[in-house]
Structures are given as structure tokens and as C-alpha cells.
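Residue-level structural notes
Each chain, written out:
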Amino acid sequence: MDITSQEIDAIVQKVLAGIQTGGAAPVQPSYTCKTAAAAAPASAAGDNGVFENVDDAVEAAWKAQREWVANFKIEDRRRIIEAIRRCARAHVEEWSRKIVEETGMGRYEDKVEKHLAVINKTPGPECLTTEALSGDTGLMLEEYAPFGVIAAITPTTNPTETIINNTISMIAGGNTVVFNVHPRAKRVSAQCLQELNKAIVEAGGPANLLTMTREPTMEAVDQLAANPKIRLMAGTGGMGMVNALLRSGKKCIGAGAGNPPVIVDETADIALAGQKLYEGASFDNNILCFAEKEVFAVGSAYDGLLHELKKNGAYLLSAAQTEQLVRICLKPKKNGGHEVNKDWVGKNANEILRQIGVQVPDTCRLAVCETPADHPFVLVEQMMPILPVVRVGSFEEAVECALVAEHGNRHTASIFSKDVDHMTRFARAIETTIYVKNSATKAGVGIGGEGHCTMTIAGPTGEGITCAKSFCRRRRCVLAEGGLRIV
Ligand code: NAD
């Protein structure tokens, strides 16, 4: 970056003008002015944050980031984030309906609940607390500073929910964001991003705090990783994407797949387990990475649990029906095992059951099947409202089976039990980011549980339940003894 003497003069004049009028004239770094001054071709101007190519999207977000940190105080960030929340609240019903239409997955009413959770429970700058240390050798401050421009990759399973959640978490710390959204949710994602940008500008914020390319592609992810103006990659989605980010050579935050196992032991409140598992495993038709995907019921808990699941409205599949569904919902892989048939991900239970001639009303949100521990419905992250329940002889066997089913993702697990020893032993063995006791796993992201909400659960890279802190750099400033200390 070269700064000419004329540009330095211009900055000095602006500062002086601010001093003379008693106001704070916004000081634009010269490199920002230069970019702004360049006559941009029409396509490079973008459409409320939507650009035709990656480089223009990055350039605009980079320029916005310089402005965001130079001219906007923490109080401004708070105010603008409140405007984002208001805007998102006004669009919850519309975006929830459009996601179902565009992706063909999930349930409208549950998407409304997910949106409200991220809107109301994603923390803003208030969680960026400064750490101070005072001692014989002076004073130390550590603060949360922005990375700069972040590239955020979003999934098809929570498209606008992740955009809203990532936006609040990322801009709270002074970053701006270039999104690469899932192609199967690109229309509703673009609309959400444009509305949020309009709300930011109406609240007095800079244009293009959020950008994206109109046609998201895999190649765009490589281009983002290669662009020196991108300082951090944050990816939410399957392990293929997370592994691609990890190989990119850039600092990255990866939120990948889960296959959450549940243990129900003989001490559990079985009625509670039946109710919460029905609620959790059917929530948004099970497309959430943290939703319960398989259950290991110990000894006498097994029969009672199946009874309670049916009482709550689940349809219990016969062994033959279960195998019919395997052939429809999964596909054999070339090298053995199965993979998911994406045509059935996130569909309503009654629609899936209709394929095997079973007619149930739409109020039946979950199908349950009795399977062995090595059944494909247990081992494949199917993301459908089909919950396999496995009978095991002991708590120890349940833990062993759960470890196999979770595939070392260390994402989410839960237990229904009143035995504190069991609760602790399973937690230590499974090592998941989210561990829920006696509730639906969505409680682990603040939906019916304590704590803030996120749609980016970064297990592989360790940030966990992400918030503004996760997307900031730690910077330290020290002052020698004799400075500001008062003791
Ligand atoms: P997906 O992996 O198909 O897509 C996610 C995003 O990554 C999309 O934007 C896609 O275009 C991109 N992508 C996919 N493969 C890529 C590659 N090789 N290189 C670059 N980009 C790539 O996932 P999905 O179907 O949208 O979402 C479901 C998956 O995401 C499930 O496995 C689920 O568990 C996981 N998920 C995890 C979290 C979390 O917080 N940990 C949250 C939501 C979803």
C-alpha cells in the first residue's frame, strides 16, 4: 500500500476540519478513499450486497470493513445490530416459507422458531469483554479485535438462520462478511442478505457490510481462500466442505457434521425421554446437525421408550417396512456402506411413509424403527424424521455403540438418566461440543435451554458454540509500571 504525500495532506486537512468544527470528521484511510474514488463498473457496484463475481464482492466488503472500524463506535455496532434483529423479525414468516419452497426441506413452524432463536439469542458486542491485569510490572489489556473480511460458507439446512447468526456474531467484532451460500438456497439467502444490508444502511451503517456472489459455487470457495483480503474462512456444513477449508492454508473455523447419539438408561424418566425425543428428532424434520439421530435404550428402558414415542405420535415401523425405507432413503456406496439419498432429506414423515404405502396424517412427525447398532439408519447422518432405537444390554454397551455411531465428530450427544455417574461417564467418553442431559438436544443451542444460540457449532476447530468472540483476534497492549495503575 503506497500513500502519497497528497493523500497524507488530505487526511491532515480532514482532521483539522474536524477539530475546527468541534466535530469528529470521519477520517478515511487513504487506501479506502482510493478504492471509493475509482470509477467502478456497474456490475462491480453490486445490488445491495449481491455481486456478479467473487473479487468484486471481496473488494466491496473490504472497503466496508475499513469504514466500519474507522468510523463506527461500539455503540453504533449495537444500534445497527438491533436494526438487523428488527429487520429479520419482520421477515421471519416470509423467509421460513421461502426456505421450505426453495430447498424442499423442513417444516415452516420450526423454521420460525429457529429464526427467532438466532434473532433473539445471538449475542452482539456485549460478549467482547476486555481483560485487564495489573501487577508489579505494570498494566496489561487484552481486547477482541476484528480479523477483517471473513468468508462465511452457509448450509442449505439453515440458510437464512446462519446468515443472520453469522452476521451478528461477525460484525459485532468489527468484521465484514462475504458469504458463499448453498446453491440450493441462493434465492432466499440473497434476499435475506439484501434486506439486512438495507436495514444496516437505513440505520446509518456502511453499504456492503455483507456481500455475496449471485451464483455461489465450489470454485468461489477456492477463490475466497486465495484472496489475500480474506483473513478468515468460516464454514458451516458437511465434512467435505470443512476438510476443503482446513486444506486451504488459511485460518479457518469449521462447523461440520454430527450424528448425535442418545442414551436412555434404566433410571431415566421414560415419559420425559419419549416426549423430548419425539420433539427433538422431528424438529424441522431432523435436518439440524445437532438433532437426535439414533437412540440406545438400556434393558428395561427399551419397551417403555417405544411405548412413549408412539404415545407422543410416532409411527412404529415393522422390520420389513424399515428395510423398504432403507432402499428409498439411502443409497449403497461403491466401496460399501450407505450414503443419504438427498431427495428425502428433510421431508415430512408422512410423505416418506407414503412411499411404502403407509398413510398417516401430517401431525405424525416421526417414524421410529427397531434396529441393531450397525444398521445404516444408525450409522448414516440421514437428516430425516426416522429415528432408529437400538436395544442394548448395559450402559457400557450403550456408550460403546454411541461412540461408533458418532464417528468421532465430537458434535452433540445426550442422555436421559438420573444416574449422575452415567451422565458423567458418557460425557467423558463421547467428548462432544454439546452434551444435553434430560432434554432435547436443541436445548444445547438455547432453544428450550440456557445459553446463547448459534447455527455454527465449530467442533472440528474447537470454537464450539460460536459467538462474536470466536470471530475476533486477541490483541494485547502493555503499559510499564509507573503508568496508569492506581495502587
Ligand atoms: P454441504 O456440505 O452440502 O454444504 C455446505 C456448504 O458448503 C454449501 O455452501 C456448499 O455449497 C459448500 N460446499 C460443499 N462441499 C464443498 C466443497 N468440497 N468445497 C467447498 N464448498 C463446499 O452441507 P448441507 O447439506 O448444506 O448441510 C448439511 C450438513 O451440514 C450436515 O452434515 C450437517 O450436520 C452440517 N451442518 C453442521 C452445522 C454445524 O454447526 N456444525 C450446522 C449446519 C449443518
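Read on for an overview of the structure.

Cut-off values and rules
- Residues numbered from 1 in each chain as written.
- Predicted model: local features only at pLDDT ≥ 70, side-chain atom pairs only at ≥ 80, totals over all residues.
- Heavy atoms only, no water.
- Helix = DSSP H or I, 4+ residues; strand = E, 2+ residues; numbered from the N terminus.
- Rg over C-alpha atoms; globule rule 2.2 N^0.38 Å.
- Contact = heavy atoms within 4.5 Å.
- Areas by Shrake-Rupley, 256 points an atom, 1.4 Å probe, with all protein chains shown as cover.
- Lys, Arg positive; Asp, Glu negative; His and termini not counted.
- Charge placed at Lys NZ, Arg CZ, Asp CG, Glu CD.
- Salt bridge = Lys/Arg side-chain N within 4 Å of Asp/Glu carboxyl O.
- Buried < 20%, exposed > 50% of the residue type's maximum accessible area, 1.4 Å probe, protein only.
- Axes fitted to C-alpha atoms, helices over the stretch in contact; angles between N-to-C directions.
- Parallel < 35°, antiparallel > 145°, perpendicular 65-115°, else oblique.
- Nonpolar A, V, L, I, M, F, W, Y, C, P; charged D, E, K, R; others polar.
- 1 Å grid on protein atoms, 1.4 Å probe; cavity = no way out; pocket = protein on both sides within 12 Å on 5 of 7 lines; lining within 4 Å.
- Points joined across faces, edges and corners; volume = space filled by probe spheres on them.
- Near = heavy atom within 4 Å.
- Polar contact = N/O pair within 3.5 Å; in protein donor to acceptor, adjacent residues only side chain to side chain.
- Core = buried A, V, L, I, M, F, W, Y, C linked by side-chain atoms within 4.5 Å.
- Disulfide = S-S within 2.5 Å.
- Pairing = 2+ DSSP bridges.

Of the regular secondary structure elements, the protein chain holds 17 helices and 20 strands. Relative to the globule expectation of 23 Å for 487 residues, the C-alpha radius of gyration of the protein chain, 25 Å, shows essentially globular dimensions. Principal-axis analysis of the C-alpha atoms gives the protein chain an extent of 80 × 60 × 40 Å. Long-range contacts, defined here as pairs at least 24 residues apart, represent 73% of the contacts in the protein chain between residues at least 6 apart. Surface exposure of the protein chain reaches about 20,600 Å², of which carbon and sulfur atoms provide 52%. Both charge centroids of the protein chain, one from 52 positive and one from 57 negative side chains, sit 3 Å from each other.

For the structure shown, the criterion picks out 28 salt bridges. Between lysine 186 and glutamate 215 there is a salt bridge, and its shortest N-O distance comes to 2.7 Å. You can see lysine 186 sitting in helix α8 (residues 186-202) and its partner glutamate 215 sitting in the loop between β6 (210-213) and α9 (218-226), a full 29 residues away along the chain. A relative accessible area of 25% means that lysine 186 is categorised as partly exposed. Taking relative accessible area as the criterion, glutamate 215 reaches 47% and is therefore assigned partly exposed. For arginine 410, the salt bridge goes to glutamate 431, with nearest N and O atoms at 3.9 Å. One end of the pair, arginine 410, is in the loop between α16 (395-406) and β16 (412-416); the other, glutamate 431, is in the loop between α17 (420-430) and β17 (434-437), with 21 residues separating them in the sequence.

Turning next to the packing of helix α5 (residues 74-103) against helix α7 (residues 159-171). Closest axis-to-axis distance for the α5/α7 pair is 10 Å, and the angle between their directions is 175°. The orientation of α5 with respect to α7, classified from their angle, is roughly antiparallel. Packed against α5, whose contacting residues are Arg77, Ile81, Ile84, Arg85, Ala88, Trp95 and Ile99, the element α7 presents Pro159, Thr160, Glu161, Ile164, Thr167, Ile168 and Ile171 at the interface. Grouping the constituent residues of the contact of α5 with α7 by class yields nine nonpolar, two polar and three charged.

Let us now look at the layout of surface pockets. For the largest pocket, the calculated volume is near 1,300 Å³. Lining the largest pocket are 48 residues, and of these Gly237, Gly238, Met239, Lys342 and Met383 sit closest to its centre. Taken together, the elements giving at least two residues each to the lining of the largest pocket come down to α9, α10 (239-246), β13 (338-340) and α15 (376-379). Broken down by element, the lining of the largest pocket gets its largest block of residues, four residues, from α10. Here the residues of the lining of the largest pocket sort into 22 nonpolar, 19 polar and seven charged.

Now for the environment of glycine 174. Turning to its location among the elements, glycine 174 is positioned in the loop between α7 and β5 (176-180). According to the relative accessible area criterion, glycine 174 is buried, its value standing at 0%. Taking the C-alpha atoms as reference points, glycine 174 and serine 318, separated by 144 residues in sequence, lie 55 Å from one another. Those residues in contact with glycine 174 that sit more than four places away from it in its chain are Gln65, Trp68, Val69, Arg77 and Pro146.

Lining the immediate environment of the ligand, one finds 29 residues, of which Thr154, Thr156, Gly238, Glu381 and Ile457 sit closest. Residue glycine 237 places a main-chain N or O atom 3.3 Å away from an oxygen atom belonging to the ligand. Contacts to the ligand include histidine 411, whose side-chain N or O atom sits 3.2 Å from a nitrogen atom. Here the ligand loses 87% of its free accessible area of 830 Å² to cover by the protein chains. For the shell around the ligand, the secondary-structure elements that each account for two or more residues are α9 and α10.

Counting 64 residues, the largest nonpolar core has Ile164, Ile171, Phe179, Leu196 and Leu210 as the members making the most contacts within it. In terms of residues, this core owes the most to one element, α5, which gives nine residues. Apart from the residues lying within four places of it in its own chain, the contact partners of phenylalanine 179 are Ala152, Thr154, Ile163, Asn166, Thr167, Leu193, Leu210, Thr211, Met212 and Thr213. Grouped together as the second largest cluster of nonpolar side chains are 23 residues, Cys329, Ile356, Val358 and Cys369 included.

It is worth spelling out the packing of helix α6 (residues 108-121) against α7 at this point. Where α6 meets α7, the closest approach of the two axes is 9 Å, and the angle between their N-to-C directions is 5°. With respect to α7, the axis of α6 lies roughly parallel. Contacts between α6 and α7 involve Lys111, Lys114, His115, Val118 and Ile119 from the first element and Thr160, Glu161, Ile164, Asn165 and Ile168 from the second.

With respect to the secondary-structure elements, arginine 85 resides in helix α5. Setting aside residues up to four positions removed in sequence, arginine 85 forms contacts with Val118, Ile119, Asn120, Thr122, Pro123, Gly124 and Ile168.

Another aspect to go through is the state of the cysteines. All chains considered together, the criterion is met by zero disulfides. Cysteine cysteine 329 remains unbridged, with the sulfur of cysteine 369 as its closest cysteine sulfur at 9.9 Å. Here cysteine 401 stays free of any disulfide, with the sulfur of cysteine 369 as its closest cysteine sulfur at 15 Å.

On to the sheet that holds strand β3 (residues 138-146). Hydrogen bonds between backbone atoms are what pair the strands of a sheet, whose relative direction is either parallel or antiparallel. Read across the open sheet, the three strands follow the order β2-β3-β20; overall the sheet is antiparallel. A single partner strand is all that each edge strand has here, and the edge strands are β2 (131-135) and β20 (472-480). The sheet shows a mean angle of 15° between the axes of neighbouring strands, taken without regard to direction. Both β2 and β3 contribute to a ladder of five bridges, which runs antiparallel. Paired with alanine 132 across the strands is leucine 141, a residue of β3.

It is worth stressing that arrangement in space is one thing and function is another; only the former is reported here.
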